[in-house]
Amino acid sequence: MDWGKEAERRLNEIATCSAPGPGVTRFPFTPEHAAALDVIRGWMTQAGLSCHMDAAATLIGRSASTAGAPAVLIGSHQDSVREGGRYDGIMGVLIGCLALEQLAAEGVQLPFPVEVLAFADEEGVRFPTALLGPRALTGQLDPDALAMTDADGVSLRAALAQFGGDPDALGQMRRPRDRVQAYLEIHIEQGPVLQRDNVPCGIVTGICGIERNSITFSGETGHAGTVPMQGRRDALVAAADFIARVHDTAAGRDGLRATVGTLNLKPAVVNAIPREAELTLEIRALSDEERAAFAAEAQVWGTEIAAARGTAFSMSRTYAQPAVPCAPALMDTLEAACRHSGIAAPRLPSGATHDASAMAALCETAMLFVRCRDGISHRPEEFASAEDMAAAVQVTCEFLKGRAEAA
Ligand code: HGY
Ligand code: MN
Ligand code: MN
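Residues numbered from 1 in each chain as written. Chains lettered and ligands numbered in written order. Predicted model: local features only at pLDDT ≥ 70, side-chain atom pairs only at ≥ 80, totals over all residues. Heavy atoms only, no water.

J.: Explanation requested: the domain arrangement of the protein chain in the structure shown.
T.: Interface extent is often summarised as the accessible area lost during association of the parts. Parsing the protein chain into structural domains produces domain 1 (3–207 + 323–406) and domain 2 (209–321). The interface is formed by 16 residues belonging to domain 1 together with 11 residues belonging to domain 2. Interface of domain 1 and domain 2: buried area, both sides summed, is about 870 Å²; carbon and sulfur atoms make up 47% of it. Counting the surface domain 1 buries against domain 2, the share from its top three residues, Arg135, Ala323 and Thr353, is 48%. The tally of links between domain 1 and domain 2 comes to four residue pairs in polar contact (both at pLDDT 80 or more). Of the residues assigned to the side of domain 1 that touches domain 2, the class counts are eight nonpolar, six polar and two charged. (Domains from an automatic or database assignment. Contact = heavy atoms within 4.5 Å. Buried area = accessible area lost by both parts, 1.4 Å probe. Polar contact = N/O pair within 3.5 Å; in protein donor to acceptor, adjacent residues only side chain to side chain. Nonpolar A, V, L, I, M, F, W, Y, C, P; charged D, E, K, R; others polar.)

In structure tokens, the structure reads:
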């Protein structure tokens, strides 16, 4: 079987489980999500796995292994950003299934069960929180997150319950640590390094920490034609100063990323001065200390700029997750698996965050990156080649065989 071509075919099929518009838009607990789970159930069944959906709406396929050994988990997320690509997240779920199909075809009996997990919500786009599935499995879920609402005022609790999950059971989902031996996530790199190195796969050394802050500048509205420029308390002008300061300072901090991804104005009409500018500031770094220091600096800049512009300023952190190193022993197993597949895989950090960052609270985690064309992701043009996906299937098979030899 040409697993690369098969992967491409299946990803093109599941990409139709999307809201209308360019690229893929598949938010959690939506009809698109339900349609995708029907497709993924087919993948899991074809891989010989028995499927069930847990209380966090994670679809889990488990191999029929009779071995009482702790399971190896292979997972990623089914959801996408708005107008995203066909590979981010879902490719990792598929490659786990294809690798198990390949091993079954070879007649390989692993001495441990394998589970493939399709997490519902990693992106945190619909609700201002993320990683619901992994945090439930690792006992890290903040119950307050269930009260968070989407743009239509629907709570995470209501959306999950309506979808067939069980919000009240999330607190009892924690997996015993002795029942899981490792978590592997296969994911498109979303960056340019593997293409630059001309190699199909890479081994992730660590996942950046991330925090998101809600920021508001408040001034005074007025008639755009009659209020003199002098003395205006224009919230958007203050926000513009702040955004430029954040961007220009972060540009000088190697490895740190700072992004203002959303901006909402009030009253948001062409002929009135903005009285309120609400924005989000996301900060990422492989060092949690560096990330916290930058957030503290931003707080100071906001206060100073607001005073200079005659506006008020508020900043509150709405989300945070620490940086996570990957497990050295698993990285070595992955490296051997790549070598057996004829790949000299480089090691590299992940600027993007992943389900693995939360799973690390339960077990040792590893990530295999797959080359990403021109480093483009979170866009319809995102692309991984069939050849590289075939290589990732082979590496995943070799990784599982490597774990079996070490058992
Ligand atoms: O935001 C991220 O890094 C991930 O793609 N959710
Ligand atoms: Mn992802
Ligand atoms: Mn993503």
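J.: Looking at this model, I keep getting lost on the packing of aromatic side chains. Mind explaining?
T.: Two aromatic rings, taken as a pair, are described by how far apart their centres are and by the angle between their planes. This model, assessed by the stated rule, comprises six aromatic pairs. Ring geometry for Phe29 versus Phe163: centroids 5.8 Å apart, planes at 65 degrees, classification edge-to-face. With Phe29 in the loop between helix 1 (3–14) and helix 2 (31–46) and Phe163 in helix 5 (residues 156–163), this residue pair connects regions lying 134 residues apart in the sequence. Phe163 carries the same exposure label as Phe29, and that label is buried. Plain terms: the ring middles of Phe242 and Phe313 are 5.9 Å apart, the flat faces sit at 50 degrees to each other, and that makes the pair tilted. Of this pair, Phe242 sits in helix 7 (residues 235–250) while Phe313 sits in strand 10 (residues 312–321), and the two are 71 residues apart along the sequence. Across this residue pair, the class does not change: Phe242 and Phe313 are buried. (Phe/Tyr/Trp six-rings, centres within 6.5 Å; stacked < 30°, edge-to-face > 60°. Helix = DSSP H or I, 4+ residues; strand = E, 2+ residues; numbered from the N terminus. Buried < 20%, exposed > 50% of the residue type's maximum accessible area, 1.4 Å probe, protein only.)

J.: It is not clear to me how the site of ligand 1 should be interpreted in this structure. Could you clarify?
T.: Residues in contact with ligand 1, as listed here, are Glu122, Glu123, Gln190, Arg212, Arg284, Ala352, Thr353 and His378. Here Glu123 contributes a side-chain N or O atom positioned 2.8 Å from a nitrogen atom of ligand 1. If ligand 1 stood free it would expose 220 Å²; the protein chains cover 95% of that surface. Partitioning the shell around ligand 1 into residue classes produces one nonpolar, three polar and four charged. (Near = heavy atom within 4 Å. Areas by Shrake-Rupley, 256 points an atom, 1.4 Å probe, with all protein chains shown as cover.)

J.: So what exactly am I meant to see when it comes to the packing of helix 9 (residues 328–340) against helix 11 (residues 386–406) here?
T.: Packed helix pairs are specified by the crossing angle of their axes together with the interaxial distance, meaning the distance between the axes. Where helix 9 meets helix 11, the closest approach of the two axes is 8 Å, and the angle between their N-to-C directions is 125 degrees. Relative to helix 11, the element helix 9 is oriented oblique. Considering the relative orientation of helix 9 and helix 11, their crossing is right-handed. Two secondary-structure elements touch here, helix 9 through Leu330, Thr333, Leu334, Ala337, Cys338 and His340 and helix 11 through Gln394, Val395, Glu398, Phe399, Gly402 and Arg403. (Axes fitted to C-alpha atoms, helices over the stretch in contact; angles between N-to-C directions. Parallel < 35°, antiparallel > 145°, perpendicular 65-115°, else oblique. Left-handed = near helix turned anticlockwise from the far one by under 90°.)

J.: Looking at this structure, I do not really get the sheet that holds strand 7 (residues 209–218). What am I missing?
T.: By definition, the strands of a sheet pair up through backbone hydrogen bonds, in either a parallel or an antiparallel sense. Here four strands make up an open sheet; going across it, the order is 8-9-7-10 and the pairing antiparallel. With partners counted over all chains shown, the strands left at the sheet margins are strand 8 (257–266) and strand 10, one partner each. On average, each strand axis in the sheet is inclined to that of its neighbour by 15 degrees, with strand direction left out of account. Most of the contacts of helix 7 go to strand 9 (residues 276–285), to which it runs at about 10 degrees, and overall it touches strand 7, strand 8, strand 9 and strand 10. Contacts between helix 8 (residues 288–308) and the sheet are confined to strand 7, strand 8, strand 9 and strand 10, with strand 10 contributing the most and set at about 165 degrees to the helix. (Pairing = 2+ DSSP bridges.)

J.: So what exactly am I meant to see when it comes to the environment of Leu256 here?
T.: Within the secondary structure, Leu256 sits in the loop between helix 7 and strand 8. Classification of Leu256 as buried rests on a relative accessible area of 4%. Considering only alpha carbons, one finds Leu256 and Ser287, 31 residues apart in sequence, at a separation of 8.6 Å. The residues touching Leu256, leaving out its near neighbours within four places in the chain, are Ala250, Ile283, Arg284, Ala285, Glu290, Arg291 and Phe294.

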